[in-house]
Amino acid sequence: MNRFILYLFGFFLLVQANALACNFKIANFGSPKENIKIEPIQPVLMPDRFGGESLIIPMEDLCKNDKSLYGTAAIYLYIENKLTRIQLYRPNMDDSKLMDYSMSKYGFFNLPEGVPKSRWRGSYIWESGNDIIEYIKTDIHDGYAEIIDITSKLYSAGMAEYNAKVGKWLDSQQ
(Lines give C-alpha, C1' and ligand atoms only; values in the text may rest on other atoms or scores of the structure.)
Protein backbone atom coordinates (compact mmCIF):
# COMPACT_ATOMS: atom_id res chain seq x y z
CA MET A 1 0.00 0.00 0.00
CA ASN A 2 2.82 2.41 0.85
CA ARG A 3 4.42 1.75 -2.54
CA PHE A 4 1.11 2.60 -4.29
CA ILE A 5 0.86 5.90 -2.41
CA LEU A 6 4.46 6.70 -3.30
CA TYR A 7 3.79 6.01 -7.01
CA LEU A 8 0.62 8.10 -6.89
CA PHE A 9 2.49 10.98 -5.25
CA GLY A 10 5.23 10.75 -7.89
CA PHE A 11 2.63 10.82 -10.66
CA PHE A 12 1.06 13.99 -9.24
CA LEU A 13 4.48 15.65 -9.01
CA LEU A 14 5.17 14.78 -12.65
CA VAL A 15 1.82 16.19 -13.76
CA GLN A 16 2.41 19.36 -11.75
CA ALA A 17 5.88 19.83 -13.28
CA ASN A 18 4.39 19.58 -16.77
CA ALA A 19 1.65 22.05 -15.85
CA LEU A 20 4.28 24.60 -14.78
CA ALA A 21 6.38 24.11 -17.93
CA CYS A 22 6.73 27.17 -20.11
CA ASN A 23 4.52 27.63 -23.14
CA PHE A 24 6.30 30.14 -25.38
CA LYS A 25 3.98 29.41 -28.32
CA ILE A 26 1.54 32.18 -27.39
CA ALA A 27 0.14 32.63 -30.91
CA ASN A 28 -0.73 30.35 -33.80
CA PHE A 29 1.10 30.49 -37.11
CA GLY A 30 -0.73 32.82 -39.48
CA SER A 31 -2.26 34.91 -36.69
CA PRO A 32 -1.75 38.72 -36.72
CA LYS A 33 0.66 40.50 -34.39
CA GLU A 34 -2.23 42.25 -32.65
CA ASN A 35 -3.14 38.91 -31.02
CA ILE A 36 -0.08 38.98 -28.75
CA LYS A 37 -0.75 40.62 -25.42
CA ILE A 38 1.67 40.36 -22.50
CA GLU A 39 0.64 42.00 -19.25
CA PRO A 40 1.69 44.45 -17.85
CA ILE A 41 3.63 45.63 -20.93
CA GLN A 42 2.96 45.44 -24.64
CA PRO A 43 5.94 44.03 -26.60
CA VAL A 44 7.75 46.35 -28.99
CA LEU A 45 7.46 45.58 -32.70
CA MET A 46 10.66 46.03 -34.71
CA PRO A 47 10.38 46.16 -38.52
CA ASP A 48 13.36 45.10 -40.65
CA ARG A 49 14.51 45.91 -44.20
CA PHE A 50 13.39 42.53 -45.55
CA GLY A 51 9.64 42.91 -45.06
CA GLY A 52 9.44 41.29 -41.64
CA GLU A 53 8.48 42.57 -38.22
CA SER A 54 9.78 40.98 -35.02
CA LEU A 55 8.42 40.92 -31.50
CA ILE A 56 11.17 40.10 -29.01
CA ILE A 57 9.99 38.94 -25.61
CA PRO A 58 12.31 37.80 -22.80
CA MET A 59 11.44 34.33 -21.49
CA GLU A 60 11.18 35.93 -18.04
CA ASP A 61 8.01 37.74 -19.23
CA LEU A 62 6.52 34.58 -20.78
CA CYS A 63 7.37 31.97 -18.16
CA LYS A 64 7.23 33.44 -14.70
CA ASN A 65 6.80 29.99 -13.08
CA ASP A 66 9.55 28.23 -15.08
CA LYS A 67 13.02 29.72 -14.68
CA SER A 68 14.82 26.98 -16.62
CA LEU A 69 15.02 29.04 -19.84
CA TYR A 70 15.64 32.48 -18.31
CA GLY A 71 18.24 34.30 -20.41
CA THR A 72 16.47 33.19 -23.60
CA ALA A 73 14.63 35.56 -25.94
CA ALA A 74 11.51 34.49 -27.83
CA ILE A 75 11.41 36.19 -31.24
CA TYR A 76 8.14 36.13 -33.17
CA LEU A 77 8.62 37.00 -36.87
CA TYR A 78 5.64 38.38 -38.78
CA ILE A 79 5.63 38.59 -42.56
CA GLU A 80 2.63 40.39 -44.07
CA ASN A 81 1.16 40.51 -40.53
CA LYS A 82 1.14 36.71 -40.21
CA LEU A 83 3.18 34.83 -37.62
CA THR A 84 5.68 32.91 -39.74
CA ARG A 85 8.47 31.88 -37.36
CA ILE A 86 9.06 31.50 -33.64
CA GLN A 87 12.67 31.51 -32.58
CA LEU A 88 14.21 30.92 -29.17
CA TYR A 89 17.61 32.60 -28.98
CA ARG A 90 20.07 31.99 -26.14
CA PRO A 91 23.46 33.70 -26.61
CA ASN A 92 26.63 33.29 -24.58
CA MET A 93 25.21 31.19 -21.77
CA ASP A 94 27.49 28.65 -20.16
CA ASP A 95 25.06 25.76 -20.57
CA SER A 96 23.19 23.80 -23.22
CA LYS A 97 19.67 24.37 -21.97
CA LEU A 98 18.08 24.82 -25.39
CA MET A 99 19.71 21.60 -26.58
CA ASP A 100 18.35 19.78 -23.53
CA TYR A 101 14.92 21.37 -24.03
CA SER A 102 14.73 20.51 -27.74
CA MET A 103 15.86 16.91 -27.17
CA SER A 104 13.29 16.40 -24.43
CA LYS A 105 10.44 18.04 -26.37
CA TYR A 106 11.10 17.03 -30.00
CA GLY A 107 13.35 13.98 -29.82
CA PHE A 108 16.87 12.90 -29.06
CA PHE A 109 19.73 13.12 -31.58
CA ASN A 110 23.21 11.69 -31.31
CA LEU A 111 26.24 13.89 -30.87
CA PRO A 112 29.62 12.79 -32.24
CA GLU A 113 31.38 10.42 -29.87
CA GLY A 114 33.89 12.11 -27.62
CA VAL A 115 32.53 15.63 -28.21
CA PRO A 116 30.96 17.21 -25.11
CA LYS A 117 27.69 19.15 -25.55
CA SER A 118 29.47 22.40 -24.75
CA ARG A 119 31.87 22.03 -27.73
CA TRP A 120 29.45 20.63 -30.33
CA ARG A 121 28.39 22.96 -33.19
CA GLY A 122 25.80 22.12 -35.80
CA SER A 123 22.08 21.72 -36.33
CA TYR A 124 19.35 19.12 -36.23
CA ILE A 125 15.84 19.21 -37.78
CA TRP A 126 12.58 17.57 -36.66
CA GLU A 127 9.12 17.64 -38.19
CA SER A 128 6.09 17.69 -35.90
CA GLY A 129 2.70 17.90 -37.60
CA ASN A 130 2.79 21.05 -39.74
CA ASP A 131 5.85 22.44 -37.94
CA ILE A 132 9.52 22.24 -38.83
CA ILE A 133 11.79 22.59 -35.81
CA GLU A 134 15.51 23.24 -36.15
CA TYR A 135 17.98 23.32 -33.28
CA ILE A 136 21.18 25.26 -34.07
CA LYS A 137 24.32 25.78 -32.02
CA THR A 138 26.76 28.15 -33.66
CA ASP A 139 29.70 30.39 -32.86
CA ILE A 140 29.07 34.12 -32.56
CA HIS A 141 31.22 37.05 -31.49
CA ASP A 142 32.63 36.34 -28.03
CA GLY A 143 30.99 32.95 -27.65
CA TYR A 144 28.20 30.86 -29.09
CA ALA A 145 24.43 30.92 -29.46
CA GLU A 146 21.77 28.27 -29.20
CA ILE A 147 18.68 28.69 -31.39
CA ILE A 148 15.45 26.79 -31.75
CA ASP A 149 13.75 27.83 -34.96
CA ILE A 150 10.10 26.81 -35.43
CA THR A 151 8.34 27.43 -38.74
CA SER A 152 5.10 26.18 -40.19
CA LYS A 153 5.08 24.19 -43.44
CA LEU A 154 2.08 26.33 -44.41
CA TYR A 155 4.24 29.46 -44.43
CA SER A 156 7.48 27.94 -45.71
CA ALA A 157 7.26 29.71 -49.11
CA GLY A 158 7.07 33.14 -47.45
CA MET A 159 9.89 32.18 -45.12
CA ALA A 160 12.05 31.06 -48.08
CA GLU A 161 11.49 34.42 -49.82
CA TYR A 162 12.37 36.27 -46.61
CA ASN A 163 15.53 34.18 -46.12
CA ALA A 164 16.53 34.82 -49.77
CA LYS A 165 16.30 38.59 -49.17
CA VAL A 166 18.38 38.27 -46.00
CA GLY A 167 20.95 36.10 -47.80
CA LYS A 168 21.22 38.52 -50.72
CA TRP A 169 21.83 41.39 -48.31
CA LEU A 170 24.43 39.39 -46.34
CA ASP A 171 26.25 38.52 -49.57
CA SER A 172 26.33 42.20 -50.53
CA GLN A 173 28.04 43.08 -47.22
CA GLN A 174 31.21 41.09 -47.94
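The text that follows walks through the structure, step by step, so that each part is easy to find.

Rules and cut-offs
Residues numbered from 1 in each chain as written. Predicted model: local features only at pLDDT ≥ 70, side-chain atom pairs only at ≥ 80, totals over all residues. Heavy atoms only, no water. Phe/Tyr/Trp six-rings, centres within 6.5 Å; stacked < 30°, edge-to-face > 60°. Helix = DSSP H or I, 4+ residues; strand = E, 2+ residues; numbered from the N terminus. Buried < 20%, exposed > 50% of the residue type's maximum accessible area, 1.4 Å probe, protein only. Pairing = 2+ DSSP bridges. Axes fitted to C-alpha atoms, helices over the stretch in contact; angles between N-to-C directions. Contact = heavy atoms within 4.5 Å. Polar contact = N/O pair within 3.5 Å; in protein donor to acceptor, adjacent residues only side chain to side chain. Patch = residues over 30% accessible without salt bridge, like charges linked within 9 Å, V, L, I, M, F, W, Y side chains within 5 Å. Areas by Shrake-Rupley, 256 points an atom, 1.4 Å probe, with all protein chains shown as cover. Salt bridge = Lys/Arg side-chain N within 4 Å of Asp/Glu carboxyl O. Core = buried A, V, L, I, M, F, W, Y, C linked by side-chain atoms within 4.5 Å.

**What about the packing of aromatic side chains?**
Part 1 of the argument: Inspection of every chain in the model, using the stated rule, returns 10 aromatic pairs.
Part 2 of the argument: A centroid spacing of 6.1 Å and a plane angle of 90° characterise the contact between phenylalanine 50 and tyrosine 162, whose relative ring orientation is edge-to-face. Of this pair, phenylalanine 50 sits in the loop between strand S1 (45-47) and strand S2 (52-58) while tyrosine 162 sits in helix H4 (residues 156-172), placing them 112 residues apart in sequence.
Part 3 of the argument: On the basis of an interplanar angle of 65° and a centroid distance of 5.0 Å, the ring pair of tyrosine 124 and tryptophan 126 is categorised as edge-to-face.
Part 4 of the argument: You can call tyrosine 124 partly exposed: its relative accessible area is 32%.

**Here we look at the sheet that holds strand S3 (residues 73-79)**
Part 1 of the argument: Ordered in space as S1-S2-S3-S4-S7-S6-S5, the seven strands form an open sheet in which the pairing is antiparallel. Taken across any chain shown, the strands that pair with only one partner, and hence form the sheet edges, are S1 and strand S5 (122-128). The average angle at which neighbouring strand axes cross in this sheet is 20°, direction not considered.
Part 2 of the argument: Bridging between S1 and S2 involves three bridges; their strand directions are antiparallel. Paired with proline 47 across the bridge in S2 is glutamate 53.
Part 3 of the argument: In this fold H4 packs onto S2, S3, strand S4 (82-91) and strand S7 (143-152), with an angle of close to 100° to the strand it touches most, S3.

**A look at the environment of lysine 64**
Part 1 of the argument: Considering the arrangement of structural elements, one finds lysine 64 in the loop between helix H2 (59-62) and S3.
Part 2 of the argument: Polar side-chain contacts of lysine 64 include one of 3.2 Å to the backbone oxygen of aspartate 61.

**Quick word on a nonpolar patch on the surface**
Part 1 of the argument: Residues Val44, Met46 and Ile56 make up a contiguous nonpolar surface patch of about 270 Å² in total accessible area.
Part 2 of the argument: Among the structural elements, valine 44 can be located in the loop between helix H1 (2-20) and S1.

**Quick notes on unusual backbone geometry**
Part 1 of the argument: For asparagine 81, which is not a glycine, the phi torsion comes out positive at approximately 60°.
Part 2 of the argument: Along the chain, the position of asparagine 81 falls in the loop between S3 and S4.
Part 3 of the argument: In this structure, asparagine 92 is a non-glycine residue whose phi angle is positive, near 50°.
Part 4 of the argument: You can see asparagine 92 is positioned in the loop between S4 and helix H3 (97-106).

**Observations regarding the side chain of glutamine 87**
Part 1 of the argument: Tracing the backbone through its elements, the reader meets glutamine 87 in strand S4.
Part 2 of the argument: The residues contacting glutamine 87, other than those within four sequence positions of it, are Ala73, Ala74, Ile75, Ile147, Ile148 and Asp149.

**Structural notes on the nonpolar core**
Part 1 of the argument: Counting residues in each nonpolar core, the largest one holds 30 residues, and the members touching the most others are Phe24, Leu62, Tyr76 and Ile148.
Part 2 of the argument: Elements supplying a minimum of two residues to this core: S2, H2, S3, S4, H3, strand S6 (131-140) and S7.
Part 3 of the argument: The greatest single-element share of this core, amounting to five residues, is contributed by H3.
Part 4 of the argument: Not counting residues within four places of it along the chain, the set of residues in contact with tyrosine 76 comprises Phe24, Ile26, Ile36, Glu53, Ser54, Leu55, Ile57, Leu62, Leu83, Arg85 and Ile86.
Part 5 of the argument: One finds Phe50, Ile79, Met159 and Tyr162 within the second-largest nonpolar core, a separate group that totals five residues.

**Quick word on H3**
Part 1 of the argument: Restricting attention to buried positions, one finds in H3 the residues Leu98, Met99, Tyr101, Ser102, Met103 and Tyr106.
Part 2 of the argument: Each element contacted by the buried residues of H3 is listed here: S4, S5, S6 and S7.
Part 3 of the argument: At the C-terminal side of H3, glycine 107 shows a positive phi close to 135°.

**A few points about the environment of phenylalanine 24**
Part 1 of the argument: One can find phenylalanine 24 in the loop between H1 and S1.
Part 2 of the argument: We classify phenylalanine 24 as buried; its relative accessible area is 4%.
Part 3 of the argument: Leave out the neighbours within four places in its chain, and phenylalanine 24 touches Met59, Leu62, Tyr76, Ile86, Leu88, Tyr101, Tyr106 and Ile150.

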